[in-house]
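Here is what each chain is made of, one letter per residue.
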Amino acid sequence: MSRLTSFLVVLSLFAFAPLCLAGKKYGGYLYPQFYQHSCPKVEEIVRSVVAKAVAKEARMAASLLRLEFHDCFVKGCDASSLLDSSGVLVSEKRSNPNRNSARGFEVLDEIKSAVEKACPHTVSCADILALAARDSTVLTGGPNWEVPLGRRDSRSASLSGSNNDIPAPNNTFQTILTKFKRQGLDIVDLVALSGSHTIGSSRCTSFRQRLYNQSGNGLPDMTLDQSYAAQLKTRCPRSGGDQTLFFLDPPSPTKFDTSYFKNLVAYKGLLNSDEVLFTMNAESRKLVKLYAENQELFFQHFAQSMIKMSSISPLTGSRGEIRRICRRVNNKPLFKCISS
Ligand code: HEM
Ligand SMILES: *[C@@H]1O[C@H](CO)[C@@H](O)[C@H](O)[C@H]1NC(C)=O
Ligand SMILES: *[C@@H]1O[C@H](CO)[C@@H](O)[C@H](O)[C@H]1NC(C)=O
């Protein structure tokens, strides 16, 4: 290197170091006022785009809420779920829980581009998703809560994490509870958050096993109401119709209410993972009965559990990055922070 080049390199290290360190100042925890000065309008922008999307298609509220779950259960709430495949990065969109059912990515693109316009390179995709999940809940009639903010975005995804860490609809009660506990969530969080299935839809392929061959002995799931099962079978045959959609809560598919829990008590839960909350464990059965009769308690627990789930191992401080586009990681910066 010439003397001039080395001089410039040294100079630029000094020039960039303070910027790098600034990111560490509030590192380590999330709080609702994180963007108070840097992007005071972010909550308003997210809410308005989500409201528009849900007005156009009611199911979008459910899809955005589910995305937050699938994001947070895979190496924390870091927007890893939003990345497309690119180069060596394999998208979580290809995983069993996501393939042919995770949706809402275009809405997040639209929110991100509106937020970037107002506050360039400031708000993470992970925070946008956490806000969109809260707004989706409120817009469908559910509880409101303050969303702690300050998450940063991952530079990687985990296909195996998505396949293994997100519970499957035919997992046993114990497996599902274990997967929640691994995330620091408990049985109250499991039952309250499953209440998300008060909105949205499921494909036939996610519950067919219950209708025809629950345990490999050729018999249906005996804990499923027979007339409901007969009704489901007409549109979810033994083979074919895999992608046909069914409401998770037929009595009120777009209303965030206690109807989901009432269904479980009546043996009319759509997914096996829903019904087992009532049939396989005394503690969760008690919670299902409580929530079925007490909307206030369900809403209170749901809000608390969403805050808990949305705080699973976030990237904070100078870890991760603020993506410019939620579908892909930023290009590597010219100067890497010495401190990170
Ligand atoms: C407890 C374990 C859980 C299992 C096994 C599970 C499984 C599923 C399955 C299989 C579907 C339907 C996918 C399809 O076939 O199209 C679904 C939909 C959905 N899930 Fe879950 N889920 C669970 C917990 C959660 C949690 C914790 C949330 C949110 C906090 C959530 C929110 C939703 C929503 C809103 C939908 C509807 C999505 C749409 O209509 O686009 N689920 N879930
Ligand atoms: C659960 O469903 C998956 C996918 O359909 C299937 O491969 C698996 O064998 C099922 N597991 C059990 C225990 O039935
Ligand atoms: C039920 O599933 C088992 C194993 O998964 C299979 O061997 C059996 O043939 C199936 N029975 C029917 C009636 O489909």
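Reading the values: rules and limits
- Residues numbered from 1 in each chain as written.
- Chains lettered and ligands numbered in written order.
- Predicted model: local features only at pLDDT ≥ 70, side-chain atom pairs only at ≥ 80, totals over all residues.
- Heavy atoms only, no water.
- UniProt positions renumbered as here; feature names shortened; annotations may be inferred.
- Donors = N, O, S within 2.8 Å, 3.2 Å for Na, K, Ca; no water.
- Helix = DSSP H or I, 4+ residues; strand = E, 2+ residues; numbered from the N terminus.
- Axes fitted to C-alpha atoms, helices over the stretch in contact; angles between N-to-C directions.
- Parallel < 35°, antiparallel > 145°, perpendicular 65-115°, else oblique.
- Contact = heavy atoms within 4.5 Å.
- Nonpolar A, V, L, I, M, F, W, Y, C, P; charged D, E, K, R; others polar.
- Near = heavy atom within 4 Å.
- Polar contact = N/O pair within 3.5 Å; in protein donor to acceptor, adjacent residues only side chain to side chain.
- Areas by Shrake-Rupley, 256 points an atom, 1.4 Å probe, with all protein chains shown as cover.
- Disulfide = S-S within 2.5 Å.
- Buried < 20%, exposed > 50% of the residue type's maximum accessible area, 1.4 Å probe, protein only.

The protein is annotated in an unreviewed UniProt entry as Peroxidase from Casuarina glauca. According to its UniProt record, the protein has this under Subcellular location (unreviewed entry): "Secreted". Checking UniProt for the protein, the heading Function (unreviewed entry) contains the comment "Removal of H(2)O(2), oxidation of toxic reductants, biosynthesis and degradation of lignin, suberization, auxin catabolism, response to environmental stresses such as wounding, pathogen attack and oxidative stress. These functions might be dependent on each isozyme/isoform in each plant tissue."

Engineer: Hey, could you run me through the coordination of the iron atom of ligand 1 in this one?
Structural biologist: Perfect tetrahedral coordination of a metal by four donors corresponds to 109.5 degrees between them, and perfect octahedral coordination by six donors corresponds to 90 or 180 degrees. Exactly one donor from the protein chain reaches the iron atom of ligand 1: His197 (NE2), at 2.1 Å. As for its placement among the helices and strands, histidine 197 is situated in the loop between helix 8 (187-194) and strand 1 (201-203).

Engineer: I keep staring at the packing of helix 8 against helix 14 (residues 295-309) and nothing clicks. Help me out?
Structural biologist: In a pair of packed helices, the angle between the axes and the distance between the axes together describe the arrangement. The contact between helix 8 and helix 14 brings their axes to 8 Å, and the two run at 110°. It follows from the interaxial angle that helix 8 and helix 14 lie roughly perpendicular. When helix 8 is examined against helix 14, the residues Val188, Asp189, Ala192 and Leu193 are found in contact with a partner set consisting of Phe298, His301, Phe302, Ser305, Met306, Lys308 and Met309. Looking at side-chain class alone, the contact of helix 8 with helix 14 contains seven nonpolar, two polar and two charged residues.

Engineer: What's the story with the site of ligand 3 in this structure? I'm lost.
Structural biologist: Lining the immediate environment of ligand 3, one finds Asn213, Gly216, Gly218 and Arg238. Take asparagine 213: an N or O atom from its side chain is 2.4 Å from an oxygen atom of ligand 3. Protein contact buries 32% of the 370 Å² of open area that ligand 3 shows by itself. Class assignment for the residues of the shell around ligand 3 results in no nonpolar, three polar and one charged.

Engineer: Explain the site of ligand 1 here, please?
Structural biologist: Around ligand 1, the surrounding shell holds 27 residues, and the nearest of these are Arg59, Ser63, His197, Ser201 and Ser206. Contact distances for ligand 1 include 2.9 Å between a nitrogen atom and a side-chain N or O atom of histidine 197. Within the side chain of serine 206, a nitrogen or oxygen atom sits 2.6 Å from an oxygen atom of ligand 1. Every element with two or more residues in the shell around ligand 1 is listed here: helix 3 (60-72), helix 7 (173-181), helix 8, strand 1 and helix 14. Examining the composition of the shell around ligand 1, we find that four residues originate from one element, helix 3, more than from any other. Residue composition of the shell around ligand 1, by class: 14 nonpolar, ten polar and three charged.

Engineer: Help me understand unusual backbone geometry, please; the structure alone is not making it clear to me.
Structural biologist: For residues besides glycine, phi is generally negative; the peptide bonds are generally trans as well. The phi dihedral of asparagine 100 is positive, around 65°, even though this residue is not glycine. When you line up the elements, asparagine 100 lands in the loop between helix 3 and helix 4 (105-118). If you check the backbone angles, tyrosine 267 has positive phi at about 60° while not being a glycine. Relative to the helices and strands, tyrosine 267 is located in the loop between helix 11 (259-265) and helix 12 (272-279).

Engineer: Before we go on, may I ask you to explain the state of the cysteines in this structure?
Structural biologist: Cysteine pairs can be covalently joined through their sulfur atoms, and such a bond is termed a disulfide. A full pass over the atoms with the stated rule returns four disulfides. With a sulfur-sulfur separation of 1.9 Å, cysteine 39 is cross-linked through a disulfide to cysteine 119. One disulfide, between cysteine 39 and cysteine 119, carries an S-S torsion of 65° and so falls in the right-handed class. Taken together, the positions of cysteine 39 in the loop between helix 1 (3-22) and helix 2 (42-56) and cysteine 119 in the loop between helix 4 and helix 5 (125-139) put the pair 80 residues apart, joining distant regions of the chain. The class of cysteine 119 is buried, set by a relative accessible area of 6%. What pairs with cysteine 204 in a disulfide is cysteine 236, and their sulfur atoms sit 2.1 Å apart. Across the S-S bond linking cysteine 204 and cysteine 236, the dihedral sits near 75°, which makes this disulfide right-handed. Placement of the pair is cysteine 204 in the loop between strand 1 and helix 9 (208-212) and cysteine 236 in the loop between helix 10 (226-235) and strand 2 (245-247), with a sequence separation of 32 residues.

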